[in-house]
Amino acid sequence: MFSTRKIRIFDTTLRDGEQAPGIDLTIEQKLAIARQLQRLGVDVVEAGFPASSDGEFIATKKILEEIGDSVEVTGLARANKGDIDRGIEAGLASIHVFIATSDVHLKYKLKMTREQVLDRIYESVRYAKSHGLIVEYSPEDATRTEEDFLLQAVKTAVEAGADRINIPDTVGVMHPFRFTELIKKVVSVSSGRIISVHCHNDFGLATANSIAGVVGGARQVHVTVNGIGERAGNASLEEVVMALKKLLDYDIGVKPWLLYDTSRLVSELTGVPIPFFKAVVGDNAFGHEAGIHVHGVIENPLTYEPMSPEEVGNFRRLALGKHSGIHGLRKILEEQGIYLDDEKLKVVLNEVKKMADTGRKVSAEDAKRIASRFMSS
Ligand SMILES: CC(=O)SCCNC(=O)CCNC(=O)[C@H](O)C(C)(C)COP(=O)(O)OP(=O)(O)OC[C@H]1O[C@@H](n2cnc3c(N)ncnc32)[C@H](O)[C@@H]1OP(=O)(O)O
Ligand SMILES: CC(C)C(=O)C(=O)O
């Protein structure tokens, strides 16, 4: 029985993530990320687009061989026989078939009529099903598709036997309230199939929209590690997982304590740095300098941390600067074996602030040096 509190995590780091300009992973690098995703506990790994290059084909095959027993491995295919066959040749038992449904894509890119697209959806999903595959169908650019036609496309895929329907916000134009309503309508015509969402971050709303999709009834979310992907990226795995777990109390298979290491691995292999302020995995996600915050965190981290760094494998970082207070300074010095009374601490704090006022970064080493000088005088 499928729990209504369970949300499946479909990771597309190795497909949509890798599509971003400048990211071209070797087969070995893709394998290393796939192994980590399996350890992390995602439900589906989209290994790549097998028809796009020999390397992608081999990588998909190898990923499947290594982790296919414990996690669903899928690959992307256009709605044509050739791409689906390439997935089958790679050994896939699950395929993600897509074809766009918006008028702008039909007119300028596919040069097809709506009727032709509906036929293509039916034929390609049926073809993949006739080979025994698990089929997820995506109406690309769903959120700019005229609504009645989108629902018709979804119904067509369901009639053809699709197991899951994924609704992509391909160019990130949704906002959460609209997306919840749209997903509710898709759920209502999908005869109980799992509905999935795939959100891009063009307006910085990918995580919010993914959550909104779940509120509307989606039971699977497409994500990428660190939110890498086309243009402004995809919904970020670490944000979506932690928001679903901590804010909405959903049941997620991902082991949160591996999020930080997973994020570092993907950053290292793709060469894409993790922003300092990135939620959950950024260096400042659990960083504190302001005296009032540091005091609170020393007394009880719950005062200024909505989750603990240990929970996600990250670290708390207490810093010094012009906003520091005496409690934080005392802690930083005591961690280095220096114990001063309040009066002496105030003098050191004053010097710390003066240094910071000149624009210098003040390290724990600086504070130690100031404190020892003060002690010896
Ligand atoms: C929103 C997304 O992320 S969609 C996924 C996008 N990912 C990628 O494109 C990465 C991998 N892509 C590739 O390696 C190449 O683009 C290939 C192998 C798929 C195709 O390469 P080429 O044959 O050289 O074609 P090109 O990429 O220039 O054009 C795309 C063709 O696919 C067609 N097409 C696009 N989407 C679909 C679809 N979902 N179903 C069927 N045909 C499609 C286009 O109409 C165009 O057809 P045409 O050649 O008859 O004009
Ligand atoms: C193939 C689909 C799901 C996609 O990547 C998108 O529309 O962004």
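Cut-offs used in this document
Residues numbered from 1 in each chain as written. Chains lettered and ligands numbered in written order. Predicted model: local features only at pLDDT ≥ 70, side-chain atom pairs only at ≥ 80, totals over all residues. Heavy atoms only, no water. UniProt positions renumbered as here; feature names shortened; annotations may be inferred. Helix = DSSP H or I, 4+ residues; strand = E, 2+ residues; numbered from the N terminus. Near = heavy atom within 4 Å. Polar contact = N/O pair within 3.5 Å; in protein donor to acceptor, adjacent residues only side chain to side chain. Areas by Shrake-Rupley, 256 points an atom, 1.4 Å probe, with all protein chains shown as cover. Nonpolar A, V, L, I, M, F, W, Y, C, P; charged D, E, K, R; others polar. Domains from an automatic or database assignment. Contact = heavy atoms within 4.5 Å. Buried area = accessible area lost by both parts, 1.4 Å probe. Salt bridge = Lys/Arg side-chain N within 4 Å of Asp/Glu carboxyl O. Buried < 20%, exposed > 50% of the residue type's maximum accessible area, 1.4 Å probe, protein only.

In the annotation of an unreviewed UniProt entry, the chain is listed under the name 2-isopropylmalate synthase and assigned to Metallosphaera hakonensis JCM 8857 = DSM 7519. Note on the chain: under the UniProt heading Sequence similarities (unreviewed entry), the record states "Belongs to the alpha-IPM synthase/homocitrate synthase family." Quoted straight from UniProt, the Subunit (unreviewed entry) entry for the chain says "Homodimer."

Regarding the UniProt feature "domain: Pyruvate carboxyltransferase" (unreviewed entry) in the chain
Per the UniProt record, "domain: Pyruvate carboxyltransferase" (unreviewed entry) is found at residues 7–260. Annotated as 46% helix and 18% strand, the span residues 7–260 places its first and last C-alpha atoms 21 Å apart.

As for the site of ligand 1
In the vicinity of ligand 1, 15 residues are found, and the nearest of them are Gln19, Ser52, Arg78, Ala79 and Phe98. Within the contact set of ligand 1, an oxygen atom lies 3.2 Å away from a side-chain nitrogen or oxygen of arginine 15. Between arginine 78 and ligand 1, the recorded distance is 2.9 Å, taken from a side-chain N or O atom to an oxygen atom. When ligand 1 is considered free in solution it has 1,000 Å² of accessible area, and contact with the protein chains removes 53% of it. Partitioned by chemical class, the residues of the shell around ligand 1 number seven nonpolar, three polar and five charged.

Considering the site of ligand 2
Lining the immediate surroundings of ligand 2 are Arg15, Asp16, His96, Phe98, Ser138, Glu140, Asn166, Pro168, Thr170, His198 and His200. Here arginine 15 contributes a side-chain N or O atom positioned 2.9 Å from an oxygen atom of ligand 2. Relative to its unbound accessible area of 260 Å², ligand 2 is 94% covered by the protein chains. Of all the secondary structure elements, the ones that give two or more residues to the shell around ligand 2 are α1 (13–17), β4 (94–100), β5 (134–140) and β6 (164–169). In terms of residue class, the shell around ligand 2 is made up of two nonpolar, six polar and three charged.

Some details on the domain arrangement of the chain
Domain annotation for the chain reports domain 1 (8–270) and domain 2 (287–373). A C-alpha centroid distance of 44 Å is found between domain 1 and domain 2. Taken together, the contacts link six residues of domain 1 with nine residues of domain 2. In this assembly, domain 1 packs against domain 2 so that about 590 Å² is buried in total across both faces, 58% of it on carbon and sulfur atoms. Broken down residue by residue, the surface that domain 1 buries against domain 2 is led by Met242, Lys246 and Tyr260, which jointly contribute 73%. Note that lysine 246 and glutamate 311 form a salt bridge whose closest N and O atoms lie 2.9 Å from each other. One can count four residue pairs in polar contact (both at pLDDT 80 or more) joining domain 1 with domain 2. Put simply, the parts of the chain that give the side of domain 1 that touches domain 2 at least two residues each are α10 (237–247) and α11 (259–270). For the side of domain 1 that touches domain 2, a count of residues per class yields five nonpolar, no polar and one charged.

Some points on helix α9 (residues 206–215)
Counting buried residues along α9, eight of its ten residues qualify, which places the element largely inside the surrounding structure. Those residues of α9 not exposed but buried are Ala206, Thr207, Asn209, Ser210, Ile211, Ala212, Gly213 and Val214. Those residues of α9 hidden inside the fold are in contact with β6, α8 (176–188), β7 (194–199), β8 (220–223) and α10. Note on α9: the residue one or two positions beyond its end, glycine 217, has a positive phi of about 120°.

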